[in-house]
Amino acid sequence: MTNYQLEKFEAFFSGVGFEPHRHDTYAVGRTLSGVHCFNYRKEKRFSLPGNTIIIHPDELHDGESGTDDGFYYRVMYIQPHILQTVIGGKPLPYIHGGVSKDPRLHLVTNFLMDNLDESPEILQEEDIIFELANTLSDVAGNKRGRVAYDYAAAEKAREYIHYSISSHISMDELSKVSGREKWSLSRDFRALFGTSPYRYLTMRRLSLTKHFMSKGDSIPMSAVAAGFTDQSHMTKQFKKAFGITPKQWLLLGFKNNR
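Residues numbered from 1 in each chain as written. Predicted model: local features only at pLDDT ≥ 70, side-chain atom pairs only at ≥ 80, totals over all residues. Heavy atoms only, no water.

**A short note on the packing of aromatic side chains**
Working step 1: Going through the model one piece at a time under the given rule, you end up with 11 aromatic pairs.
Working step 2: Measuring from ring centre to ring centre gives 6.4 Å for phenylalanine 238 and tryptophan 249, while their planes differ by 75 degrees; the resulting arrangement is edge-to-face. In this pair, phenylalanine 238 sits in helix α9 (residues 231-242) while tryptophan 249 sits in helix α10 (residues 246-252), placing the two residues 11 residues apart along the sequence.
Working step 3: A residue is classified by how much of its surface remains accessible, and tryptophan 249, at 4% relative accessible area, is buried.
Working step 4: When the ring centre of tyrosine 94 is taken as origin, the NZ or CZ atom of arginine 41, which lies over that ring, is 4.1 Å away.
Working step 5: Geometry around phenylalanine 242 places lysine 210 over its ring, the cationic atom sitting 4.3 Å from the centre. (Phe/Tyr/Trp six-rings, centres within 6.5 Å; stacked < 30°, edge-to-face > 60°. Helix = DSSP H or I, 4+ residues; strand = E, 2+ residues; numbered from the N terminus. Buried < 20%, exposed > 50% of the residue type's maximum accessible area, 1.4 Å probe, protein only. Lys NZ or Arg CZ within 6 Å of the ring centre and 35° of its normal.)

**Some thoughts on unusual backbone geometry**
Working step 1: With a phi close to 50 degrees, arginine 41 is a non-glycine residue in the positive phi region.
Working step 2: Mapped onto the elements of the fold, arginine 41 is located in the loop between β4 (36-40) and β5 (43-47).
Working step 3: Backbone geometry places lysine 42, a non-glycine residue, at a positive phi of 65 degrees.
Working step 4: Checked against the element boundaries, lysine 42 lands in the loop between β4 and β5.
Working step 5: The class of lysine 42 is exposed, set by a relative accessible area of 89%.

Structure follows, in structure tokens:
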């Protein structure tokens with residue numbers, strides 16, 4: 001039985017919350033109070049209470065309060081390959097502007113109002129994934145294009161990255177594993193999972209680092225155990241991905257809801 005291990009958290013920020021960063025997951029959130037302001041695709045965006053925020057994978061963005069009162073929000077990070085289990089090889093849905101008032105998205109993200117300390121049951125989690133994937137596709141107006149994407153090959157490459165997370169993986173190696181020409185595979189991987197194979201590998205290593213740190217391991221030990229060459233390398237990638245340092249992440253007390 002699949003455990004998607006969805007990562008949710010809530011936060012209140014006054015002033016600058018996050019420096020410019022990008023991650024290879026969707027960020028699906030709900031503004032609860034205040035004005036959530038962020039730069040996204042070269043434009044300033046504003047989210048008011050009740051709005052749904054959908055940041056597409058690998059898109060540069062930041063976060064700050066639009067007023068002196070600060071803003072409060074909840075957000076979930078969901079990996080594109082989880083949505084692909086539902087949409088089955090179609091390009092990932094993109095929600096224009098990153099902020100939506102669409103009532104369909106508001107309804108499907110009501111799970112963000114749940115107590116973050118309570119983990120959903122497996123079937124409940126699967127319902128959330130199914131409804132979210134289909135609603136995102138509907139709101140984005142996705143239709144199957146003329147380009148044929150090899151989902152099976154891209155999924156083989158993605159799984160191999162997980163099995164070889166501490167190794168130096170090449171596109172030639174992924175091509176051999178998947179049976180797909182490497183440049184076609186690179187295109188398919190980006191379309192289906194929202195990021196490049198290398199970025200995907202880096203983010204999986206960062207996820208492992210967060211797991212080890214949350215268990216009480218030191219930052220240097222966590223970095224090496226996750227496959228990074230050293231703490232410095234990991235910290236640089238961590239800040240690029242999340243907009244904060246590993247120490248700041250620990251202080252914020254981020255939790256994985258499983």
